[in-house]
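Structural description and commentary
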Amino acid sequence: MRFGMPWPGREVGREAEQAGAEAFCAGEFADHDPYLTVADIVANTDRAIAGPAIAYAFARTPYAHATALRHLHAQAPGRLFLGLGSAAFRINRDWLGVPAERPVARIAETVGAVQAWLHAENGERVRYAGEFYDLAADVRAPVLGRLDIPVLLAAFNARMAVTAGRVADGVIGHGLFTGSWWNEVVRPAVARGADEQDPAVTRPLEHGWIITAVDDNAPERAIADARRMIAFYLTVRTYDPFVAHHGWAEPVARLRDAFRVGDTDAMTRAVTDEMLTEIAVCGTTADAKDTLSRRAASLPRDIGYFAPPSFLVSRARRAAYARAGLALIGVLPEPDPV
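Computed from a predicted model, the values in this text were never measured in an experiment.

Moving on to the overall build of the protein chain. Per the secondary structure count, the protein chain includes 14 helices and twelve strands. Over its C-alpha atoms the protein chain spans a radius of gyration of 20 Å, differing by no more than 12% from the 20 Å that the globule rule assigns to 338 residues. Principal axes of the C-alpha set define a box for the protein chain whose edges measure 60 × 40 × 40 Å. Here the protein chain, with 338 residues, has 53% of them falling under the buried criterion. Contacts in the protein chain between residues at least 24 apart in sequence constitute 70% of all its contacts with a sequence separation of at least 6.

This is the structure in structure tokens:
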């Protein structure tokens, strides 16, 4: 696994690349745009790969996703990837004002339409025909040319993971992922999808977020921040199959009850030691190194983004966690080729 992180800003980002960080990613929310963040990454790094992880798939047309990547490619050829996520039903319906039904089928077509734009050669029509998109673009200016930029899908549950293997170049794992969820649910599903696409295809790429909070001076606060982040994620009912898989229904019910009444302390306390151990990398540097060594086989195989908690955590503390995480570079050996 190679080391990466969500973009921590220019100062920490430059320091991280010099220390050996090989990838940076950009998320999306109401206050930050992933493509603007990727532009900042490629302008302030020299070698690291960069991309959205994730951009909301339906917030933009396939044309808009592909055009942003072409623009960025001119500055950072060979350094880009695209991570797309379907986003929650309510985000699509209430924030974006786009159809929210059938997200798996819709995102499969989104990947195909984006790839049609990325793979288009000069002088050829950009063609894609499906249920949700029908493209026949005749671009007369010689501004195209095939770009082989990997497209990955954020896939939490099995059906989306099958789709990632079938239509995309790989998968982006959520910060909640445990070893058993990777190995018993996500990887088998991605493999089934990849076999549908082409049984001889190279193993799909694996990127993944890893909740990481290291503080040698205040490890208890780092652990609490990691617990709180886990609790916040688990308020989403989309993750119920994950909860059932691990037998965590009772503590998750408690943290959801606490969330409904705004009791973040009770939310945090509801996250059990088992949940913390299986999901997060936190505490002191020594604790984090021990955790990584123990969980080496259950982390994303290609790039792990050591992601500081963000729920009720200040930007300054997130930056401090990012810097502290640099001590974890090189803890894991390079994976064997697959």
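We are not done yet, so read on.
On to empty space enclosed by the protein. Applying the stated rule across the entire model yields two cavities of 30 Å³ or more. Of the pockets and cavities examined, the largest cavity occupies roughly 40 Å³. Lining the largest cavity we find H174, G175, F177, W182, W209, I210, I279, R295, S298, L299 and P300. Grouping the amino acids of the lining of the largest cavity by side-chain chemistry returns seven nonpolar, three polar and one charged. M5, T212, F306, P308, Y321, A322 and G325 together form the lining of the second largest cavity. Looking at which element gives the most residues to the lining of the second largest cavity, the answer is helix α14 (residues 315-325), with three residues. Grouping the constituent residues of the lining of the second largest cavity by class yields five nonpolar, two polar and no charged.

Definitions and cut-offs
- Residues numbered from 1 in each chain as written.
- Predicted model: local features only at pLDDT ≥ 70, side-chain atom pairs only at ≥ 80, totals over all residues.
- Heavy atoms only, no water.
- Helix = DSSP H or I, 4+ residues; strand = E, 2+ residues; numbered from the N terminus.
- Rg over C-alpha atoms; globule rule 2.2 N^0.38 Å.
- Buried < 20%, exposed > 50% of the residue type's maximum accessible area, 1.4 Å probe, protein only.
- Contact = heavy atoms within 4.5 Å.
- 1 Å grid on protein atoms, 1.4 Å probe; cavity = no way out; pocket = protein on both sides within 12 Å on 5 of 7 lines; lining within 4 Å.
- Points joined across faces, edges and corners; volume = space filled by probe spheres on them.
- Nonpolar A, V, L, I, M, F, W, Y, C, P; charged D, E, K, R; others polar.

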